[in-house]
Structure formats: C-alpha cells, structure tokens
Amino acid sequence: MSAQTATVRPEGPVPRARSLPPVVKGLVWAAVGFGIGAGLTAAIGGKAFLSEEAIVIGYALGLIGWLLGIGAWDAWVRTWFGLPENYDEGTGTARYWRFNTDHKVVGIQYLVTSLVVFLLAGLLAMLIRLELFAPGLNFFATKTAYNTTVSLHGTLMIFAVAALAIVGGFGNYFVPLLIGAEDMAYPKLNAISYWFVPAGVLALLAAPLLGGFDAGWTGYPPLTLMNPSGQVLYYLGVFTLGVSSILGAINIIATVVFLRAPGLTWGRLPVFVWSMLAVSLLNLLFVPFAGIAGIMALLDRTAGTAFFTGQGNPVLYQDWFWIFGHPEVYILILPAFGLILEVLPVFGRRPLYGYRWAVAGIVGITVLSAAVWRHHMFTTVPMSSWVPFLTTTEAISVPTGLLFLAALGTLWGARIRFKTPMLFAMGMLFNFFIGGITGIPLADVPTDLHLQDTFFVVAHFHYTIMGGMVFALMAGLYYWFPKMTGRMYNEAWGKVNFWWTFLAYNATFLPMFWLGINGMNRRIVDYLPYLGDLNRWVSVAAFVLGASFIVPAVNFAVSWVRGPAAAANPWQGKTLEWQVPSPPPKENFPAVPEVVADFYGYGQAHAGMTPARVPAAGGVAAGGHD
Ligand code: HEM
Ligand SMILES: [Cu+2]
C-alpha cells in the first residue's frame, strides 16, 4: 500500500497508483451498495432479492455508493474524518468523467448530458409518431409498451432536459462569469450535484426492464399503485433528478447573493442571472413537494401505507404534484426568457427595453407561480375551486406580459443582425406566444372541460416547452458556443438548422390543436379513423423535425474539434463573460472585476464604453473592495 503522507501536492498530475477510473469505481461501489441494500432487505424482510422493497433499499444504498465512488469519498468525505484528500481533478476531457469542482466543467457535464438525453427522448417521440401514423396498433406490440414510451419520453424530457439543460448547463457555466466570480459558492456540492443525473436517467431507462410504467410523466396514483414494478424506478429516478435540482439551487442562490463583483448592484444584475435566481428559489421551495409525494406513493406501493388509496385520497397526490408541477413550468420558461433577453439586445444593438419591468415580470411570476396549481385538476376538484384558480391563472399572464413587453420593446426599431442565436430567440418568442394564448382556453373552465386530456393540451405544452424552452436552449447554444469551446460554429448550417427546425416544428404541432379540438385523446394508442389524414401529416412532419436535429449535432461536433478559433467577444457583447478569453481560464478573471455601469448600453452615446473594469492578465488584483 502506498503511503499518502505528503502534505504538499506536487505540481502537475499526481500519479494515482492502484486507483480505478472514477466512473468504474462509482459503478463498482454502486453495485456493492445495491447488493448490500437489496441483500439485507431480502434477508431480514424475507423478500425476494429483486422484490420492490429490495429494489428501493438497494437503489438508495447503490446511489450513495455511486456518489462516493465517483469522487465524493476521495475528494470530499475523507476530509471529514481528518484524512487527506486523495484526488486530482484531471485534465483535458478526463475532467468531465469525474468529480470536478470547476463550475465550467460542471456546466458542460449538465449540458452535454441533457443534450444526449434530448436526442434519446426525441427518438422515443419518433416511435410515438410511428405508432400514431395510422389508427390501430401499428408499431408497438402492446398498449403498455406504447404508454411506457410516451411516459418515458415525457419524463426524460421534463426532468432531465427541460429542467436541467439551461439551469444546470448554462446556469453553472455562466452565472459565476456573469457576476464576476471565480466559481460557485459551494464547488464541492456543485461537483456532486451533477452526478445524481446519470443515476436518475439510468433508473428511468431501466424501467422497461421491470415491465415499464404507463402512468405518464405525472405518475398519478392509484394507477401507479397497480401497474408493473417499472413504476418504482420512475419514482426513484425522478426523485434523484429532483435532488440534483435542489442542490444546484442552493448553490446558485448563495452564489448570486454573496459572490457578485463590486459594483454589481441588484439593479445592474443581468436578466439571465435574475432568472437563475428565481428558478432556484422555485426549485428549492417546490421540488420537495414532488419528492415527498413520490416517496409517499412509493411507501403505498412497498410499505403498506395508504396515503393515496383505500382510506387515503388520490387527489392529494395531484395537489402535491401540481403545487410542484405548475412552478415547474416556470422553472422551464423563466430561464428561457432570461436567456433570450440577453440575446436580443446584443443582436438588436439596442438597450434592453424596460429592464425593471422585465425583472418585475420575473419576480411576479415567481411569487404567483404556485397559486394556480389546481388549473391542472379542474375535472377532479370541487366546483368551488374553479373560479379561484381560473382567476389566479389569468392573473399570471400579467407578469408574463411584462416579459413579452421587454422582448418586443427591445426589438422595436432595432437594427437586427440575423445571426443564428437571434433567429432562435425570435422563433422562441413566436412559438411561446402561441403556447401562451392557447393556455387561455385551458385556464377557462368551460373550454377546459372539453379540451382536457386531448391533443390540444399536447400541442399547448409542446409550444411552451419545446417551442419556448428548447428554442431558447438552441439560441443559447449558438450564442455561447464560441465562449465555451473557443471555436466558431458554421453560420450557414446554423441558419439551415433554424429554418428547418422552425418550419417542421410548427408543421408538427399546429395541427395537433385541431386534432385535440376534434376529439383525439392523449396517452391512448389508438384513435378513430376520421382523424387518420391529419395524424399522417403530423407524423411525417415529426420525422422531418426529428431529422433537423442532425444538423446542429454535426455542426457543433465538427466545429468543436476543428472550427475556426473564436475571438473573446465575437458578438460585441457587454456582459462580463465576453471580457475574458474563449474559453475562459480556470479562475475566470485575472483579478476581481469592478462593475461601473449596467450591461445593456448598446447603441447609445456611451456605446463604446465597457460596463466593467476587468484587470488585465498579470495585473495587480484589485485589493480591499467592500
Ligand atoms: C421531435 C419533437 C417531439 C415530438 C414529435 C413529440 C411528440 C409527442 C407526442 C405525440 C406526445 C403525446 C403522446 C400522447 O399523449 O398520446 C408527447 C408527449 C409529451 N412530450 Fe413530446 N414530442 C417532442 C418533443 C418534446 C420535448 C422537446 C419535450 C420537452 C422538453 C416534450 C415533452 C413531452 C411531455 C412532457 C409529454 C407528456 C407525456 C405524458 O403524457 O405523460 N416533448 N410528445
Ligand atoms: Cu399549470
């Protein structure tokens, strides 16, 4: 055994004799944890080794083993016991495959994982549309297989793509840069929060091996108490992803509150950072509702409780789920708005219109977000709930309108540079507008009673989440690609990507409103023959849409390896991330920058001025700021 006595770390990579690669070590420890948990449950409880009880306990210990093995033990927990750290963070691409405290590495880890899951869950959508190409059973052997596919598609898209890509990816990468900080407030917590994600995704992907789960992304009991054991993995997987969001939220809040550079007052905070702060509050407050509801449902299934069945009440689950679930839709859309409100001024060369109103919109949505939850339950709650929740829902369109106002006001009279990020940002506004106004008939009880659980709802939420959040994500990918990689993507292919995706997107989802109005139910494998023509059209359009994502996948992959070198500030942006090299060095800034103005002074008298003093590399650190 090699003695670990040196207290001073040698420069450069430390040779690690006899240590497995972190991912392998994590998997081994996970297997050991699972074996112990499931084995003990089987032995003590007299259950089968792969009984649901054993799987739950085994998963819990396996998850702990995974996190410790991937690096939490060597890089962190050892120090709690007075042992020296036994870890290095790696260099090059090896950094991404382990516990790494650099917020930029963590950001890329989240982002790439979300994009991979996006492509995977997108393939599932193709299978859904293959099935719905014609009435009757076409592609899937059983109805449960179809419903599992729909459920898996939705669950992965919501919890591992929409909730994580912008917040976990861009949030981690850019919040410290945008506020002039060196890293997040709690780098080790940050490093570990990411590694929950692969565990949660794998749990969900494993569900089909245990019979799948066919209750949708919402997991309502009592159905979830009756169907195959795959449902257990749904609850465990969603819970795991939720923990990642909560830990990330703690970090973002602490970072924004405590680590802003001198001069970066609340009134100068970039809107994207405001949106990150808001969603982090929402994550921290409301994800626990879904987590607790999920645990209670798990207990109903495995421990003989009756929270949502028997003496209990399944509507209670719906209440808790949607107290989380409606804020969740703002967790998805606030970052999208925050992001495009950064993009619009840069490419419109205009100051952000109504900065204060935009911030008020973000705050207003955050405050109201949970007050509307029962609009998802108009058909299951007493009629006395109808008017209050109809009213709060209509009220929330006011702060949302403020965000539109800021966006459109910025575009008004702008000399727009139609680069790919700008096209996606404008496409997002267009799509989200359709998503927003079609929410009104769903908020109004008389129309909702007709439209509930039809493809109208499917069209509506794809317009907000895919048309809104995913288009903003694309805008952000193109906007920040040069900063993150130090290379430029291909602009012509970027434009092809936008127009192909935008047109195919609308061709796919606009007809779904008609399908829904005309009686096509969601989450059902079959439909009546009179809906056949339109469904065939939708399926073909969906395949064209799916194929369009090959363009950015290739563009980004090729450009990352051999695109032309990007300048530090290719878009002439004013926010702080553009004042450092591309990609930014490990410590971000040579010394603490000082902010002297707001970041949106485009095209004005002081247009040439930079709003922050960033010390030159090798310069003297600004000392003693208060
Ligand atoms: C290629 C693009 C996509 C297509 C063609 C597509 C298609 C569909 C279809 C047809 C359904 C409804 C099936 C049914 O209810 O019978 C569905 C459900 C769903 N999709 Fe997508 N989708 C796409 C992308 C996305 C994206 C990007 C997201 C979110 C980020 C998303 C989130 C959802 C959710 C949450 C459900 C509900 C699942 C449930 O009922 O529990 N989808 N999708
Ligand atoms: Cu809602």
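What you are looking at is a predicted structure, and each value in this text was computed from that prediction instead of being measured.

Draft legend 1. Quick look at the coordination of the iron atom of ligand 1. In the first shell of the iron atom of ligand 1, the protein supplies His153 (NE2) and His462 (NE2), at 2.0 to 2.1 Å from the metal. Of note is the iron atom of ligand 1, whose six donor atoms meet at the metal with angles of 84 to 178° in an arrangement that counts as octahedral. With His153 in helix 4 (residues 143-162) and His462 in helix 17 (residues 455-485), the pair connects residues that are 309 residues apart, well separated along the chain. Owing to a relative accessible area of 13%, His153 belongs among the buried residues under this scheme.

Draft legend 2. Layout of the nonpolar core. One finds Phe170 and Met428 to be the most contacted residues of the largest nonpolar core, which totals 191 residues. Looking at which element gives the most residues to this core, the answer is helix 17, with 21 residues. When residues of this core are assigned to domains, at least three fall in each of domain 1 (22-80) and domain 2 (94-562). Filtering out sequence-adjacent residues up to four positions away, Met428 remains in contact with Ile333, Ala336, Phe337, Ile340, Gly467, Gly468, Phe471 and Ala472.

Draft legend 3. Representation of the UniProt feature "domain: Cytochrome oxidase subunit I profile" (unreviewed entry) in the protein within the structure. Using the residue numbers shown here, the UniProt feature "domain: Cytochrome oxidase subunit I profile" (unreviewed entry) corresponds to residues 97-596. Secondary structure content for residues 97-596 is 68% helix and 0% strand, and the end C-alpha separation is 39 Å.

Draft legend 4. Geometry of the packing of aromatic side chains. A complete count under the given rule lists 58 aromatic pairs for this structure. Taking the centre distance of 6.2 Å and the plane angle of 50° together, the rings of Phe170 and Phe174 count as tilted. Linking Phe170 with Phe174, this pair stays in helix 5 (residues 165-178), spanning four residues, or about one helical turn. By relative accessible area, Phe170 is classed as buried at 0%. The aromatic ring of Trp266 is capped on one face by Arg260, whose charged end is 4.0 Å from the ring centroid.

Draft legend 5. Region of the structure containing the site of ligand 1. In the vicinity of ligand 1 there are 26 residues, among which His153, Trp217, His462, Arg522 and Arg523 approach most closely. Within the contact set of ligand 1, an oxygen atom lies 3.2 Å away from a side-chain nitrogen or oxygen of Tyr146. Counting residues per element, the ones that place at least two in the shell around ligand 1 are helix 3 (103-131), helix 4, helix 17 and helix 19 (532-548). If one sorts the elements of the shell around ligand 1 by residue count, helix 17 sits on top with seven residues. In terms of residue class, the shell around ligand 1 is made up of 19 nonpolar, four polar and three charged.

Draft legend 6. How the structure looks around the confidence of the model for the protein. Taken residue by residue, the protein gives an average pLDDT of 92. The fraction at 70 or more is 95%. Between residues 1-13, whose pLDDT stays under 50, and residues either more than four places distant or in other chains, the model counts seven contacts.

Draft legend 7. Just the packing of helix 5 against helix 9 (residues 271-302), in detail. Two elements in contact, helix 5 and helix 9, have axes whose closest approach is 10 Å; the angle formed by their N-to-C orientations is 125°. One finds that helix 5 runs oblique with respect to helix 9. Judged by the twist between their axes, the crossing of helix 5 over helix 9 is left-handed. In this structure, helix 5 contributes Ile166, Val167, Phe170, Gly171, Val175 and Leu178 to the contact, and helix 9 contributes Phe272, Val273, Met276 and Val279. Split by residue class, the contact of helix 5 with helix 9 holds nine nonpolar, one polar and no charged.

Draft legend 8. Representation of the layout of surface pockets. Taken as a whole, the second largest pocket spans an internal volume of roughly 970 Å³. Around the second largest pocket sit 32 residues that line it, and Trp66, Pro198, Ala199, Val201 and Leu202 are the ones nearest its centre. Elements supplying a minimum of two residues to the lining of the second largest pocket: helix 1 (22-45), helix 2 (52-80), helix 3 and helix 6 (187-206). Top element by residues in the lining of the second largest pocket is helix 6. It accounts for nine residues. Partitioning the lining of the second largest pocket into residue classes produces 28 nonpolar, four polar and no charged. Here the lining of the second largest pocket spans two domains, and each of domain 1 (22-80) and domain 2 (94-562) adds at least three residues to it.

Draft legend 9. Structural context of the pattern of salt bridges. Counted by the stated rule, this structure contains nine salt bridges. With a shortest N-O distance of 3.5 Å, Lys47 and Glu53 are connected by a salt bridge. The exposure class assigned to Glu53 is partly exposed, which follows from its relative accessible area of 21%. In this structure, Arg613 and Glu594 form a salt bridge, with 3.8 Å as the shortest nitrogen-oxygen distance. On the criterion of sequence distance, the pair formed by Arg613 in strand 2 (residues 612-613) and Glu594 in strand 1 (residues 594-595) is long-range, its members being 19 residues apart. Take Arg613: its relative accessible area is 52%, and that puts it in the exposed class.

Definitions and limits used
Residues numbered from 1 in each chain as written. Chains lettered and ligands numbered in written order. Predicted model: local features only at pLDDT ≥ 70, side-chain atom pairs only at ≥ 80, totals over all residues. Heavy atoms only, no water. Donors = N, O, S within 2.8 Å, 3.2 Å for Na, K, Ca; no water. Tetrahedral: all angles 85-135°; square planar, octahedral: opposite > 155°, others 65-115°. Helix = DSSP H or I, 4+ residues; strand = E, 2+ residues; numbered from the N terminus. Buried < 20%, exposed > 50% of the residue type's maximum accessible area, 1.4 Å probe, protein only. Core = buried A, V, L, I, M, F, W, Y, C linked by side-chain atoms within 4.5 Å. Domains from an automatic or database assignment. Contact = heavy atoms within 4.5 Å. UniProt positions renumbered as here; feature names shortened; annotations may be inferred. Phe/Tyr/Trp six-rings, centres within 6.5 Å; stacked < 30°, edge-to-face > 60°. Lys NZ or Arg CZ within 6 Å of the ring centre and 35° of its normal. Near = heavy atom within 4 Å. Polar contact = N/O pair within 3.5 Å; in protein donor to acceptor, adjacent residues only side chain to side chain. Nonpolar A, V, L, I, M, F, W, Y, C, P; charged D, E, K, R; others polar. pLDDT = per-residue confidence, 0-100. Axes fitted to C-alpha atoms, helices over the stretch in contact; angles between N-to-C directions. Parallel < 35°, antiparallel > 145°, perpendicular 65-115°, else oblique. Left-handed = near helix turned anticlockwise from the far one by under 90°. 1 Å grid on protein atoms, 1.4 Å probe; cavity = no way out; pocket = protein on both sides within 12 Å on 5 of 7 lines; lining within 4 Å. Points joined across faces, edges and corners; volume = space filled by probe spheres on them. Salt bridge = Lys/Arg side-chain N within 4 Å of Asp/Glu carboxyl O.

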